[in-house]
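Chain by chain, the residues:
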Amino acid sequence: MRQRLAAARGAGGFTLLELVITVAIIALLASVAVPLNELVVQRAREQDLRRALRDIREAIDDYKQASDEGRIQKRVGESGYPRRLEVLVEGIEDQKTPDKQKIYFLRRIPRDPFESDASLPAAATWAKRSYASPPDAPREGDDVFDVYSRATGIGINGRPYREW
């Protein structure tokens with residue numbers, strides 16, 4: 001009977017020391033994995049930012065080209081850039097088509113992935129630079145020459161998001 005009790009106790013499970021060591025190893029692995037996960041998330045958001053900036057800037061350039069070609073009606077003294085970002089999605093009449101069909105430059109305005117306020121419309125998540133403002137002190141004006149992120153952080157590449 002004594003042998004049976006001893007055998008039952010020995011086959012029962014892990015000792016306290018084994019459990020403590022296992023928990024310590026898991027904690028160590030988790031402490032290594034969390035910063036890597038944060039880096040992966042930041043890298044994905046930065047990739048989204050690059051893509052959004054490229055899409056909007058290409059649409060602004062396409063608008064300007066259409067304006068220079070006379071497809072968009074331009075008043076004297078205007079730069080030929082859109083007055084606001086929403087025009088790129090809403091479309092504008094093509095002056096070279098007989099029925100004044102609309103030209104569309106974007107399907108939707110992408111959001112700044114670093115903007116935390118979900119209640120803002122997509123166009124309001126971007127800081128805008130007018131054609132008349134200098135590059136080292138961008139400010140809004142009568143048109144949208146460029147967009148940049150309002151985020152105050154610094155990218156993995158060491159450059160502030162506002163300078164992308």
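Residues numbered from 1 in each chain as written. Predicted model: local features only at pLDDT ≥ 70, side-chain atom pairs only at ≥ 80, totals over all residues. Heavy atoms only, no water.

## Some remarks on the overall build of the protein chain
Within the protein chain, the regular secondary structure consists of three helices and four strands. Counting helices and strands in the order they occur from the N terminus, the protein chain gives α-α-α-β-β-β-β. Taking 2.2 N^0.38 as the reference for a compact globule, 164 residues should give roughly 15 Å; the C-alpha atoms of the protein chain span a radius of gyration of 29 Å, well beyond that estimate. In terms of principal-axis extent, the alpha carbons of the protein chain reach across some 105 × 40 × 25 Å. (Helix = DSSP H or I, 4+ residues; strand = E, 2+ residues; numbered from the N terminus. Rg over C-alpha atoms; globule rule 2.2 N^0.38 Å.)

## Observations regarding the layout of surface pockets
By volume, the largest pocket is sized at about 490 Å³. Surrounding the largest pocket, 24 residues form its lining, Tyr-63, Arg-75, Glu-78, Tyr-81 and Arg-83 being those nearest its centre. Broken down by secondary-structure element, the contributors of at least two residues to the lining of the largest pocket are α2 (16–68) and β1 (92–93). The class makeup of the residues in the lining of the largest pocket is seven nonpolar, eight polar and nine charged. (1 Å grid on protein atoms, 1.4 Å probe; cavity = no way out; pocket = protein on both sides within 12 Å on 5 of 7 lines; lining within 4 Å. Points joined across faces, edges and corners; volume = space filled by probe spheres on them. Nonpolar A, V, L, I, M, F, W, Y, C, P; charged D, E, K, R; others polar.)

## Overview of the side chain of Ser-130
Structurally, Ser-130 is set in the loop between β3 (126–129) and β4 (146–149). Ignoring anything within four residues of it in the chain, the contact list for Ser-130 reads Arg-139, Glu-140, Gly-141, Asp-142, Asp-143 and Phe-145. (Contact = heavy atoms within 4.5 Å.)

## Here's the deal with the nonpolar core
Of all hydrophobic cores here, the largest spans 26 residues; its most connected members are Leu-85 and Trp-126. Put simply, the parts of the chain that give this core at least two residues each are α2 and α3 (86–90). The element that contributes the greatest number of residues to this core is α2, accounting for eight residues. (Core = buried A, V, L, I, M, F, W, Y, C linked by side-chain atoms within 4.5 Å. Buried < 20%, exposed > 50% of the residue type's maximum accessible area, 1.4 Å probe, protein only.)

## Structural notes on the pairing of β3
Going residue by residue along β3, you find Trp-126 and Lys-128 tucked away on one face and Ala-127 and Arg-129 tucked away on the opposite face as well. Note that β3 and β4 share four bridges and pair antiparallel. Across the sheet, the residue bridging to Lys-128 is Val-147, located in β4. (Pairing = 2+ DSSP bridges.)

## Points about the environment of Val-87
With respect to the element layout, Val-87 can be found in helix α3. On the basis of relative accessible area, Val-87 is assigned to the buried category, the value being 12%. Taking the C-alpha atoms as reference points, Val-87 and Tyr-104, separated by 17 residues in sequence, lie 8.4 Å from one another.

## Some points on the pattern of salt bridges
As enumerated under the stated definition, the model contains nine salt bridges in all. The salt bridge partner of Arg-71 is Asp-94, with a shortest N-O separation of 2.9 Å. You can see Arg-71 sitting in the loop between α2 and α3 and its partner Asp-94 sitting in the loop between β1 and β2 (102–103), a full 23 residues away along the chain. Judged by relative accessible area, Arg-71 falls into the partly exposed class, the value being 27%. (Salt bridge = Lys/Arg side-chain N within 4 Å of Asp/Glu carboxyl O.)

## With respect to a nonpolar patch on the surface
Together, Leu-28, Val-32, Leu-36, Leu-39 and Ile-156 give the surface a local cluster of nonpolar side chains, amounting to about 440 Å² of exposed area. You can see Leu-39 is positioned in helix α2. (Patch = residues over 30% accessible without salt bridge, like charges linked within 9 Å, V, L, I, M, F, W, Y side chains within 5 Å. Areas by Shrake-Rupley, 256 points an atom, 1.4 Å probe, with all protein chains shown as cover.)

## Focus: the packing of aromatic side chains
In total, this model carries six aromatic pairs according to the counting rule given. What links up through ring pairs into an aromatic cluster is the set Tyr-81, Tyr-131 and Phe-145. (Phe/Tyr/Trp six-rings, centres within 6.5 Å; stacked < 30°, edge-to-face > 60°.)

## Quick look at the environment of Arg-107
For Arg-107, the location among the structural elements is in the loop between β2 and β3. Judged by its relative accessible area of 84%, Arg-107 is exposed. Sequence-wise, Arg-107 and Val-89 are 18 residues apart; in three dimensions their C-alpha atoms are separated by 5.7 Å.

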